Amino acid sequence: MDAQRLAREDFFENETFTDLDLQRGDLGQKEFYRCTFQRCQLQESRWKESKLESCVFSDCDLSRAQLPSTGLRGVRFEGSKLMGIDWTPVSSNPELEFDNCVLRYTSFVGLSLRKTSFLRCSALEANFFDLDLTEADFSGTDLTGSNFRGCNLTKADFSTAVGAFLDPAQNRLKGTHVPVETAVLLAQSLGMRVTGFNGDAGERPSRKKSR
């Protein structure tokens, strides 16, 4: 599949796009069904009103891609660089999976992302605002510096995530799985000192037996 055909045609099914340089390319109003993108350069590409269903992006760079009204159903990103993308304007109820991706400086606002997988990703300083993340899976993901606000995190799995700070005053956390680190960060934010996590020796004061 060459770049010229990709630019010329509007519907693609069961196609594989490999090693294409489409930086700043206009891919708007196209339909992709069961297509695979491998090692493609797609920085700042534009996907306005396109539809992708059952597609895979593997080892691609889509940093700062623009996705207004883009339909995403069963789209999986593997080992891809997705820095600086604002996912907010995509079509409603996107179906996404992220595995070992770079999601630094990305924004997700006002979307339903129930059961979405963010596995082994780097999501430093990302924004997650007003989302339904019920049963989402953040296993192995680094969330250092990221912000969660107004999110439904019911039964979401952060048990092996790193750097996740989840404020129960700003998010719904019923049944949310968190690591000890996250619980400690929350306690510290409330002014508590957690033995063994504040530079203390971690020794409890001995109690004298009453006579």
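Residues numbered from 1 in each chain as written. Predicted model: local features only at pLDDT ≥ 70, side-chain atom pairs only at ≥ 80, totals over all residues. Heavy atoms only, no water.

1. Considering the overall build of the protein
- Secondary structure summary: the protein contains two helices and 13 strands in total.
- For the protein, the spread of C-alpha atoms along the three principal axes comes to 90 × 30 × 25 Å.
- Out of the 211 residues in the protein, the part that is buried amounts to 41%.
- Within the protein, residue pairs in contact and separated by at least 24 positions form 2% of the contacts whose partners lie at least 6 positions apart.
- Of the roughly 11,400 Å² of accessible surface on the protein, a fraction of 43% belongs to carbon and sulfur atoms. (Helix = DSSP H or I, 4+ residues; strand = E, 2+ residues; numbered from the N terminus. Buried < 20%, exposed > 50% of the residue type's maximum accessible area, 1.4 Å probe, protein only. Contact = heavy atoms within 4.5 Å. Areas by Shrake-Rupley, 256 points an atom, 1.4 Å probe, with all protein chains shown as cover.)

2. A look at the confidence of the model for the protein
- Overall, the predicted model of the protein reaches an average pLDDT of 91, with 93% of residues at or above 70.
- pLDDT under 50 marks residues 200-211. Its contacts with residues more than four places away, or in other chains, come to three contacts. (pLDDT = per-residue confidence, 0-100.)

3. Side note on the nonpolar core
- Ranked by size, the top nonpolar core spans 51 residues in total, and within it F37, W47, W87, F128 and L133 carry the most contacts.
- If sequence neighbours within four positions are ignored, F37 has contacts with F17, F32, L42, W47, L52, V56, F57, S58 and C60. (Core = buried A, V, L, I, M, F, W, Y, C linked by side-chain atoms within 4.5 Å.)

4. Remarks on the side chain of S107
- Secondary-structure assignment places S107 in strand β10 (residues 107-109).
- Ignoring anything within four residues of it in the chain, the contact list for S107 reads I85, D86, W87, T88 and N127.

5. Some words on the pairing of strand β8 (residues 75-78)
- Only one face of β8 is covered, namely the face carrying V75 and F77; the face carrying R76 and E78 is uncovered.
- Sheet analysis places strand β6 (residues 56-58) next to β8, joined by three bridges and oriented parallel. The residue bridging S58 from the neighbouring strand is E78, located in β8.
- As paired strands, β8 and strand β9 (residues 96-99) are joined by four bridges and run parallel to one another. Looking at β9, one finds that E78 is bridged to D99. (Pairing = 2+ DSSP bridges.)

6. Brief notes about the sheet that holds strand β12 (residues 127-129)
- In spatial order, the strands read β10-β12-β13; together these three strands make up an open sheet with parallel pairing. Each of the sheet's edge strands pairs with one partner strand only, and the pair in question is β10 and β13 (147-149). Each strand axis lies, on average, 0° off the axis of its neighbour in the sheet, ignoring direction.
- The sheet contact formed by β10 and β12 spans three bridges and is parallel. (Axes fitted to C-alpha atoms, helices over the stretch in contact; angles between N-to-C directions.)

7. Regarding the pairing of β9
- When β9 meets strand β11 (residues 117-119), the two strands line up parallel, connected through three bridges. Across the sheet, residue E97 finds its bridge partner in β11, namely S117.

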